[in-house]
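Geometric and topological summary
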Amino acid sequence: MKALCASLALTLATPLAAEEIWVTNEKDDTISVIDVATLEVTRTIPTGERPRGITFSKDYSRVYICASDSDTVQVMDPETGQILHDLPSGEDPEQFVLHPNDRHLYIANEDDAVTTVVDTETRTVIAQINVGIEPEGMAVSPDGKIAITTSETTNMAHWIDTETRELFANTLVDSRPRHAEFVHGGKELWVSSEIGGTITIFDVATQAEKAKIAFEVKGVHPDRVQPVGFELTEDEKTAFVALGPSNHVAVVNAETYDVEDYILVGRRVWHMTFNSDKSRLFTTNGVSGDVTVIDVAKRKAIKSIKVGRFPWGAALRP
Amino acid sequence: MPKRLIKAALFLCVGLLAGAARADLFLTITFLHQEVPLPPVLSNLDPIPDTLGEDGARLGLGDNRTTGAFLGHNYALQTASVPPGGDLIAAAKSALTASPYLVLNAPAADVLRITDLPEAASALIFNVAAPDTRLRDADCRTNLFHTLPSEAMRADALMQALQRKRFVRLALITGPHAPDKAFAHALRRSAVKFGLKIVGEKEWDFDADMRRNASQEVPLFTQDFKDHDVLLVADEIHDFGRYIAYNTWLPRPVAGSEGLVPVAWSRVVEQWGAAQLQSRFKELTGRDMRPRDYAAWAAVRALGEAVTRTESNDPTRLRAFILSDQFELAGFKGRPQSFRPWNGQMRQPIPLVTDRAVVIQAPVEGFLHQRTELDTLGLDEPESRCEAFQ
């Protein structure tokens, strides 16, 4: 309660909310809010159990949080930090993606081998699609026609037609796929494989594999180089890839697929997000319990910000 | 449970839809159990489940089937259990006639009786119960793989952890049973390998009921050990070991079969996505997953992974793939797990656990290897006398 009052007071004190990064702390059941200007944590907001995936509605009036162990997606008012309501999400929601229609959430139910589609307006489940075991990575194409679920133990990207809500393709990738993104206007799909140590790139039109990116960090055994989350710069020429327990972020040329650089960050780097002009990148480092701030142009880590225990997801609130 | 019904219906659709460009494949695996009479133990607190191992194979089957549904690959698991003194060989022959894929829950001697059958010549047999290092050494077989870590791997994991803590002076209590002695042998060998010293050894020879008088007997029993940092207990049948901790003459931590224990798996492993495997196992069986369950799961999944990647159910192709550097199994222990091409042992991290937590996981940081740090655990290529894989 005290924390809630404090956070309310802070919110009121800063009416024109500065740009913020919201970080879910998987083992603290909280969100740490980082002020992009000062690079300080300005408030800590309680959530349901084991918060992981986090995303904002298009107008940023709502924030959706996967409270995995509470088996729900929470809808929070980012101004007050209050939970407005819960969405039916299926069991153990881990990660989700908001359809470009700003209405349908595609949720990976990790314990249930299911992708759940929830209508955030009617607050009902409108479809459940069987996918492989331990679904995790979620993506939706920019035109909204294709949704992707990757399954960690089945080692596939499952391609969902968002109109029929049925699978139309299943493509194998290397072990433990974790994250998926549509790239280059939706022409390519990138899928990271944590244990396989690669990113597989698919041609979306044919669902055929067109390239694979491998990583090699000097002084780190290849087994520990485990790609998880990744994001691309505004021009989509450069990708930043979190490499898990190697404690590095790789900088990849998104046109040639060459790895150009490695940046040392905190321990077990997991997901990441940019600020709005994409000049700063914020990575969640699970084991060290902090967020590394990267200067995108200089490709250098400039600060570590202590957050809660096991930070997992990150989202920008401009 | 309407949701379950919906899921079942959807599942059928998925199976049909995904079949666009697939080759239908079918793979049957037999889980063969030789029941073994166990010697009595002092405490009955922890009964051994009848379906130990088999439950892991069932979970692996489910995992394989889910993946297979998208590829047109299907799997079946047959189980056979032979009572003590029963005709294991007949059961093995019958299983091998049906399918060359065998997951074997049996002691080392029985494992070799089966691998050496003419019917097993082109089979792929997975040992999930016999930790005997000799099966990875001179007694290896070309058709025999091991998903359970050897005694040597477990001992090496423990010695790395102790060496890292600089707990280098060790005392050792060994039980009277063959598995106790074999584990003690592995501990001695590993102590030499990693530069630790066993300063004293005693054999457990009580026949008292320790629940009543451990507090009187154990201090005296451990009084004449030279000073040591850690007391090792080799009690693989879990007879007396649980009564040692806190009853020792000197206040020393206990490790080995009790206390800090190197294991293939334990309910306390939760990192690297392991929590998901644990909860799936618990949902299936209502109990916690144990090392033999894990080994059986890994065996069935290894076969599934090989079928998925090769699109084949031919044992020769699967064997070649499993032994190749293309093979990797995500075994929920943080590193890709593969098979040693010189003796068929699955490389894997070994968690060192107490009842409540993972203390550390081997390979411990700092123990290096030119190939993979996982090969610091157990028999490395130059020291294994296995010739069947050459």
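Per an unreviewed UniProt entry, chain B is named ABC transporter substrate-binding protein, and its organism is Marimonas arenosa.

With an unreviewed UniProt entry as reference, chain A is termed YVTN family beta-propeller repeat protein, source organism Marimonas arenosa.

It is worth spelling out the domain arrangement of chain B at this point. Residues and elements named next belong to chain B. Each assigned domain of chain B is listed here: domain 1 (2-149 + 266-348) and domain 2 (152-262). In this structure, domain 1 and domain 2 have C-alpha centres spaced 32 Å apart. When the two sides are added together, the surface that domain 1 and domain 2 hide from each other amounts to roughly 1100 Å², 59% of it contributed by carbon and sulfur. Counting the contacts that link domain 1 with domain 2 gives 1 salt bridge. Between Asp-46 and Arg-242 there is a salt bridge; the shortest N-O distance is 2.9 Å. Between domain 1 and domain 2 we count 3 residue pairs in polar contact (both at pLDDT 80 or more) in total. Along the lines of polarity and charge, the residues of the side of domain 1 that touches domain 2 split into 7 nonpolar, 4 polar and 2 charged.

Attention shifts here to the pairing of strand β8 (residues 230-234) of chain B. Within a regular strand, the side chains alternate between the two sheet faces. All names here are of chain B. By the criterion of burial, β8 is predominantly enclosed, with 5 of the 5 residues buried. In β8, alternate side chains face the same way, and those of Val-230, Leu-232 and Ala-234 on one face and Leu-231 and Val-233 on the other are all buried. Here strand β6 (residues 169-174) runs beside β8; their pairing, made up of 5 bridges, is parallel. Following the sheet pairing, Ala-171 is matched in β8 by Leu-231.

Let's shift gears to the pattern of salt bridges. Residues and elements named next belong to chain B. The final tally for this structure, using the stated rule, is 49 salt bridges over all chains. For Arg-113, the salt bridge goes to Asp-110, with nearest N and O atoms at 2.6 Å. With Arg-113 and Asp-110 both in helix α4 (residues 108-115) and 3 residues apart, the pair spans about one turn of that helix. By relative accessible area, Arg-113 is classed as partly exposed at 42%. For Asp-110, a relative accessible area of 12% corresponds to the buried category. For Arg-252, the salt bridge identified is with Asp-227, shortest N-O distance 2.8 Å. With Arg-252 in the loop between β8 and β9 (254-256) and Asp-227 in the loop between α7 (210-223) and β8, this pair connects stretches of sequence that are 25 residues apart.

Parameters and conventions
Residues numbered from 1 in each chain as written. Chains lettered and ligands numbered in written order. Predicted model: local features only at pLDDT ≥ 70, side-chain atom pairs only at ≥ 80, totals over all residues. Heavy atoms only, no water. Domains from an automatic or database assignment. Buried area = accessible area lost by both parts, 1.4 Å probe. Salt bridge = Lys/Arg side-chain N within 4 Å of Asp/Glu carboxyl O. Polar contact = N/O pair within 3.5 Å; in protein donor to acceptor, adjacent residues only side chain to side chain. Nonpolar A, V, L, I, M, F, W, Y, C, P; charged D, E, K, R; others polar. Buried < 20%, exposed > 50% of the residue type's maximum accessible area, 1.4 Å probe, protein only. Helix = DSSP H or I, 4+ residues; strand = E, 2+ residues; numbered from the N terminus. Pairing = 2+ DSSP bridges.

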